[in-house]
Every structure is written in C-alpha cells, then in structure tokens.
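Residues per chain are reported as follows:
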Amino acid sequence: IIALVGMFFAFFLVVLGFTSPSPTGLIALIRTPDKTVHGIIRVSRHPVLAGIGLWSLMHMLCNANLAAWLFFGSLLCLCALGANNIDRKRMALMGDAYASIKRRTSIIPFIAIIDGRTAFAGGELGIARVLLATSSFCVFAVLHELIFTGRVL
C-alpha cells in the first residue's frame, strides 16, 4: 500500500511538473512564467526530479536485491544532484529573481509549505492535469502488474 501511494504521488509530481509552467525549466531561460511560484512549484521547485526520485525510492524499498538498489539508488542520486545543479545554474543566470523563488520553494515536496514559506493552493494545479496524472497512474499500475507479475490488481 505504501508503494502504491508513493507511486501515485510520484506520477502526480511528474505529470504536473511536465504540464505546468516552471521557473526552473528550459522555457524559463527564454521567458520566465508570469507567476514564478504557482501550482505544483509550490509543492516542489523541481517536481519532475522529485517525482522520479520518489519513484526510485519506492522501487528501492520494494526490491531487496543489489541490482535494483544500484539502479534505483543511482537514479535517486542523479535526481538530487540534478536539482542542485539546476539551482546553481539558474542562480548564475537569474540572480536575485531566482533567489526569491528559492526562498519560497523547496526541492523536497511540501517542505516549503510546512515551513510556511508558501501556501498550498490546490486550485492552481488544474483539474485536467490532476485527472491526467490519476489516469496515467492507473494505466501504468495495471500494465506494471500485467507485465511484471502476470496478474491484475
């Protein structure tokens, strides 16, 4: 159950991260979004990397073999180092504007909300994005079970 909840949240972060404007994305190098701390960015400054990192962590917890730990552990480290590297590069390019974004957000999901640096605004996430994340998770959960175990949930 913990793995399913974690994986749902990982899908949520990845899908919303890919479909939402972000001050940390490549498009922000051309044009910064109108609202820099908005939607899923309130939850995590790097939602795609946080989602992939959570996906890796869930798979490490569920697979007790060395190959899985090496693969998923490497991916988890890559996500953590990648987020810090993006922050470093954006600070060099954007300066004080990015420092303001960093003060109001966090890499680890919900830390900035818990610390009171920003507020959770569920209405900013978008119903279509949330439905896309939910349906994607359901499809992948069923396919994962069919492919790797031969049975359906």
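Positions within a chain are numbered from 1, following the residues in the order the chain's sequence is written. The predicted origin of the model limits local features to residues at a pLDDT of at least 70 and limits the giving and counting of side-chain atom pairs to 80 or more, whereas totals for whole chains, interfaces and linings rest on all residues. Side-chain measures were taken over the full set of non-hydrogen atoms in the model, leaving aside hydrogen atoms and water.

Okay, the overall build of the chain next. Scanning the chain for helices and strands turns up six helices and zero strands. Strands here are runs of E lasting at least two residues and helices are runs of H or I lasting at least four, both read from the DSSP assignment and numbered beginning at the N terminus. Scanning the chain from its N terminus toward the C terminus, one meets helices and strands in the order α-α-α-α-α-α. Just to be clear, the radius of gyration here is over C-alpha atoms, and the globule rule we use is 2.2 Å times residues to the power 0.38. A compact globule built from 153 residues would reach a C-alpha radius of gyration of about 15 Å, and the chain, at 16 Å, matches this within 12%. With respect to the three principal axes, the spread of C-alpha positions in the chain is 50 × 35 × 30 Å. For each residue, the accessible area found with a 1.4 Å probe, counting protein chains only, is set against the maximum for its type, and the residue is called buried under 20%, exposed over 50%, and partly exposed in between. Here the chain holds 153 residues, and 37% of them are scored as buried. In this description, accessible areas are obtained by the Shrake-Rupley approach with a 1.4 Å probe, and a residue is regarded as covered only by the protein chains that are shown. When the accessible surface of the chain is split by element, carbon and sulfur atoms take 72% of a total near 9000 Å². Only four residue types enter the charge count: Lys and Arg as positive, Asp and Glu as negative, with His and the chain ends excluded. One atom stands in for each charge, and that atom is NZ of Lys, CZ of Arg, CG of Asp or CD of Glu. The distance from the centre of the 13 positive side-chain charges to the centre of the 6 negative ones in the chain is 4 Å.

Before going further, it helps to spend a moment on the packing of helix H2 (residues 47-62) against helix H3 (residues 66-94). Inter-axis angles, ranging from 0 to 180 degrees, are taken between N-to-C directions of lines fitted to C-alpha atoms, where helices are fitted over the stretch in contact. Running from N to C, H2 and H3 cross one another at 160°; their axes reach a closest spacing of 8 Å. Between H2 and H3, the angle falls in the class roughly antiparallel. By crossing handedness, the relation of H2 to H3 is classed as left-handed. Taking contact as the criterion, the partners of Leu49, Ile52, Gly53, Trp55, Ser56, Leu57, His59 and Met60 in H2 are, on H3, Trp69, Phe71, Phe72, Gly73, Leu75, Leu76, Cys79, Gly82, Ala83 and Ile86. Classification convention: Asp, Glu, Lys, Arg as charged; Ala, Val, Leu, Ile, Met, Phe, Trp, Tyr, Cys, Pro as nonpolar; all other residues, Gly among them, as polar. Looking at the contact of H2 with H3 residue by residue, the class counts come to 13 nonpolar, five polar and no charged. Roughly parallel covers angles under 35 degrees, roughly antiparallel covers those over 145, roughly perpendicular covers 65 to 115, and oblique covers all other angles. Whether a crossing is left-handed or right-handed is set by the direction in which the near helix is turned from the far one by less than a right angle, anticlockwise for left-handed and clockwise for right-handed. By definition in these notes, contact holds between two residues if any of their heavy atoms fall within 4.5 Å.

All right, on to a nonpolar patch on the surface then. Among the surface-exposed residues, Val139, Phe140, Val142, Leu143, Leu146, Ile147 and Phe148 lie close enough to one another that they form a single nonpolar patch of about 680 Å² accessible area. Tracing the chain through its elements places Val142 in helix H6 (residues 127-148). Grouping into patches uses exposed residues only, defined as over 30% relative accessible area, and leaves out salt-bridged ones; the cut-off is 9 Å for like charges and 5 Å for nonpolar side chains (Val, Leu, Ile, Met, Phe, Trp, Tyr). Counted as salt bridges are all cases of a side-chain nitrogen of Lys or Arg within 4 Å of a carboxyl oxygen of Asp or Glu.

Moving on, we come to the nonpolar core. Nonpolar side chains in soluble globular proteins tend to end up buried together. To define a nonpolar core, start from buried Ala, Val, Leu, Ile, Met, Phe, Trp, Tyr and Cys residues and group those joined through side-chain atoms within 4.5 Å. Membership of the largest hydrophobic core is limited to 11 residues, which are Phe12, Leu13, Val15, Leu16, Ile40, Ile41, Val43, Ala50, Ile113, Leu125 and Ala133. Among the elements that make up this core, the one with the highest residue count is helix H1 (residues 2-19) (four residues). Among residues more than four places away in sequence, those in contact with Val43 are Phe9, Leu13, Ser106, Ile108, Pro109, Phe110, Ile113 and Phe120. The next biggest cluster of nonpolar side chains, apart from the first, holds seven residues, and it includes Ala10, Leu54, Met58 and Phe137.

Note on ring pairs: Phe, Tyr and Trp rings are taken, using the six-membered ring of Trp, and paired if centres are within 6.5 Å. Classes follow the plane angle, with under 30 degrees stacked, over 60 edge-to-face and the rest tilted. For the structure shown, the criterion picks out nine aromatic pairs. Judged by centre distance (5.3 Å) and plane angle (45°), the ring pair of Phe11 and Phe140 falls under tilted. Here the residue Phe11 occupies a position in helix H1, and Phe140 occupies one in helix H6, the gap between them amounting to 129 residues. The exposure class assigned to Phe140 is partly exposed, which follows from its relative accessible area of 48%. Both rings, one in Trp55 and one in Phe72, keep their centres 5.2 Å apart while their planes meet at 80°; by these two values the pair is edge-to-face. Note that Trp55 is positioned in helix H2 and Phe72 in helix H3, a separation of 17 residues in sequence.

Let us look at the environment of Thr36. Here Thr36 lies in the loop between H1 and H2. If sequence neighbours within four positions are ignored, Thr36 has contacts with Pro23, Ile41, Ile101 and Arg104.

For the rest of this paragraph, the subject is the environment of Met91. Within the secondary structure, Met91 is located in helix H3. The partly exposed category is assigned to Met91, whose relative accessible area is 30%. In sequence terms Met91 and Ile101 are 10 residues apart; their C-alpha atoms lie 9.9 Å from each other.

Function-wise, these values are silent; they only describe arrangement.
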